[in-house]
Amino acid sequence: MATSLLPPAPFGRVLTAMVTPFAPDGSLDLDGAAAVASYLADHGHDGLVLSGTTGESPTTTVAEDGELLRAVVDAVGERVQVVAGVGTNATAHSLELTEQAAKLGAAGVMVVTPYYSKPSQGGVLAHFRAVAQATELPVMLYDVPGRTGLRIGWETYAAAAEIDNVVAVKEAVGDVPQGVRLVRELGYALYSGDDVSNLTWLAHGAAGLISVVGHVAGDQHRALVDAVDAGDLGTAQRVYHSLLPAIDAIMGAANYGATTAKAALELAGVLDNRRVRLPLMELDDHEVAVLRTSLEKAALL
């Protein structure tokens, strides 16, 4: 039997931070969500993250998050691990989402650093601890200072690692030395949270990746992970390099994330629209044309 080079992955290896489709009247499109989830499960994924930034969670209610989670778990819960995003800047709100996620069959929860409020590191740790203590589900911490304005401090990571069900970190900081220490010294399973860094993190001992580009590149990401796991750096580089036009187009646009991912899904024929909720704006026709060219260059269309 071949030896795996990658560490254990508590939430799977290839995950996408899934979009939340909307109907013409602005309500949830649960059939669309099930279709996207099924498409991802059919194309290289063994995990999905719902109600994160790409899922437009700042614009959805607790009830909507529950409806979305239920629809996706019903559609693909036996095939992939469904992780519920429960991070907000109000601990009571996060606890409500966490308790709901456990009742609806989530495989785990992801909690981002509280944004906008900029609490002290003591407050960040208390927030994480409250979420972890509210559930028996495994917990992933999410560090993305470009969106939250606040990094998770090393002391906070060290203290949180002592909590039994805090097991993973989604890293979108780009701090490779610290990330290596999170894995080696604190025992976290680290997930790449920035598509441009996927190969870097896998080479440095990440357990897997949580992608946005994965909406249309799941099979390629599976090939990337499998190549690194097998020690085949040449193949891993070729796959990663082939995806650079798509990474640039989806993640490099000023108005990126849900907007570009939904437009990519529309171009791929998975969704029949690219609707988002304000304050996001859907891509205009010119932006879609640029995206199409980049996805074609990456051989994703």
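The structure presented is a predicted model; accordingly, all values stated were derived computationally and were not measured. (Residues numbered from 1 in each chain as written. Predicted model: local features only at pLDDT ≥ 70, side-chain atom pairs only at ≥ 80, totals over all residues. Heavy atoms only, no water.)

Asks: I keep staring at the sheet that holds strand E8 (residues 208-211) and nothing clicks. Help me out?
Replies: Through backbone hydrogen bonds, the strands of a sheet pair up, either in parallel or in antiparallel fashion. Strand order around the closed barrel formed by eight strands is E1-E2-E3-E4-E5-E6-E7-E8, with parallel pairing between neighbours. Between one strand and the next, the sheet's axes are offset by a mean angle of 25°, whatever the strand orientation. Bridge count for strand E6 (residues 166-171) against strand E7 (residues 189-192) is four bridges, and the pairing is parallel. Its bridge partner being in E7, Lys170 is matched across the sheet by Tyr191. (Pairing = 2+ DSSP bridges. Helix = DSSP H or I, 4+ residues; strand = E, 2+ residues; numbered from the N terminus. Axes fitted to C-alpha atoms, helices over the stretch in contact; angles between N-to-C directions.)

Asks: Would you mind showing me how to read empty space enclosed by the protein here?
Replies: Over the atoms, a rolled probe matching the size of one water molecule traces out where space is still vacant. Per the counting criterion, the structure on display carries one cavity of 30 Å³ or more. One number sums up the size of the largest cavity: a volume of about 70 Å³. Every residue along the wall of the largest cavity is listed here: Leu50, Ser51, Asp65, Gly66, Leu69, Ala84, Gly85, Val86, Leu97, Gln100 and Ala101. Taken together, the elements giving at least two residues each to the lining of the largest cavity come down to helix H2 (62-76), strand E3 (81-85) and helix H3 (91-103). (1 Å grid on protein atoms, 1.4 Å probe; cavity = no way out; pocket = protein on both sides within 12 Å on 5 of 7 lines; lining within 4 Å. Points joined across faces, edges and corners; volume = space filled by probe spheres on them.)

Asks: Looking at this structure, how should I read helix H10 (residues 233-251)?
Replies: Think of an α-helix as 3.6 residues a turn; residues three or four steps apart then line up on the same face. At Leu244, H10 shows its largest kink, close to 40°, and the proline Pro245 lies no more than four residues downstream. Taken as a whole, H10 has its buried residues at Ala236, Val239, Tyr240, Leu243, Pro245, Ala246, Ile247, Ala249, Ile250 and Met251. On its buried face, H10 sits against helix H8 (198-203), helix H9 (214-229), helix H11 (258-267) and helix H12 (285-297). (Bend = angle between axes of the 7 residues up to and from the residue. Buried < 20%, exposed > 50% of the residue type's maximum accessible area, 1.4 Å probe, protein only. Contact = heavy atoms within 4.5 Å.)

Asks: Which parts of the structure should I look at to understand the UniProt feature "active site" (unreviewed entry) in the protein chain?
Replies: UniProt's entry tags Tyr142 and Lys170 with the feature "active site" (unreviewed entry), counted in the numbering of this structure. Taken together, the annotated residues stretch across 29 residues yet fold into one region, lying no more than 4.7 Å apart by C-alpha. Checking the annotated residues one by one, the ones that line the largest pocket turn out to be Tyr142 and Lys170. Relative to the helices and strands, Tyr142 resides in strand E5 (residues 139-143). (UniProt positions renumbered as here; feature names shortened; annotations may be inferred.)

Asks: Hey, could you run me through the UniProt feature "binding site: pyruvate" (unreviewed entry) in the protein chain in this one?
Replies: In this structure's numbering, the residues bearing the UniProt feature "binding site: pyruvate" (unreviewed entry) are Thr54 and Ile210. Across 157 residues in sequence, these annotated residues keep their C-alpha atoms within 11.1 Å of one another, forming a single compact spot. None of the other annotated residues line the largest pocket; only Thr54 do. Along the chain, Thr54 falls in the loop between strand E2 (47-50) and H2.

Asks: Explain the nonpolar core to me, please; I cannot follow it from the model alone.
Replies: Within soluble globular proteins, side chains that are nonpolar generally end up buried alongside one another. Residues Met18, Leu69, Val72, Leu141, Ile250, Leu291 and Leu295 are the most contacted members of the largest nonpolar core, which totals 80 residues. The dominant element in this core, judged by the number of residues it contributes, is H10, at nine residues. Setting aside residues no more than four positions away along its own chain, Val72 makes contact with Met18, Ala33, Ala37, Leu48, Leu50, Gly77 and Val82. Judged by nonpolar contacts, the second largest core, of 16 residues, contains Leu15, Val83, Met140 and Tyr142. (Core = buried A, V, L, I, M, F, W, Y, C linked by side-chain atoms within 4.5 Å.)

Asks: How do you make sense of unusual backbone geometry when you look at a structure like this?
Replies: Both trends apply: most residues other than glycine have a negative phi, and most peptide bonds are in trans. Here Leu278 and Pro279 are connected by a cis peptide whose omega angle stands at 20°. Assignment of secondary structure puts Pro279 in the loop between H11 and H12. For Ser51, which is not glycine, the phi dihedral falls at a positive 55°. Summarising the element assignment, Ser51 is placed in the loop between E2 and H2. On the accessibility criterion, Ser51 (8% relative accessible area) is buried. Phi is positive for Glu56, which is not a glycine, with a value near 60°. Checked against the element boundaries, Glu56 lands in the loop between E2 and H2. Residue Glu56 is classed as buried on the basis of its relative accessible area, which comes to 2%.

Asks: So what exactly am I meant to see when it comes to the pattern of salt bridges here?
Replies: Pairs may arise between side chains of opposite charge once their charged atoms sit close together. Across all of its chains, the model carries nine salt bridges by this definition. Of the charged contacts in the structure, one is a salt bridge between Arg151 and Asp175, with a shortest N-O distance of 2.8 Å. Separated by 24 residues along the polypeptide, Arg151 in the loop between helix H5 (145-148) and helix H6 (154-160) and Asp175 in the loop between E6 and helix H7 (176-184) bring together distant segments of the chain. Across the pair Glu266 and Arg274 runs a salt bridge whose closest N-O atoms are separated by 2.7 Å. Here the salt bridges share partners, and the residues they tie into one network are Asp46, Arg222 and Asp226. (Salt bridge = Lys/Arg side-chain N within 4 Å of Asp/Glu carboxyl O.)

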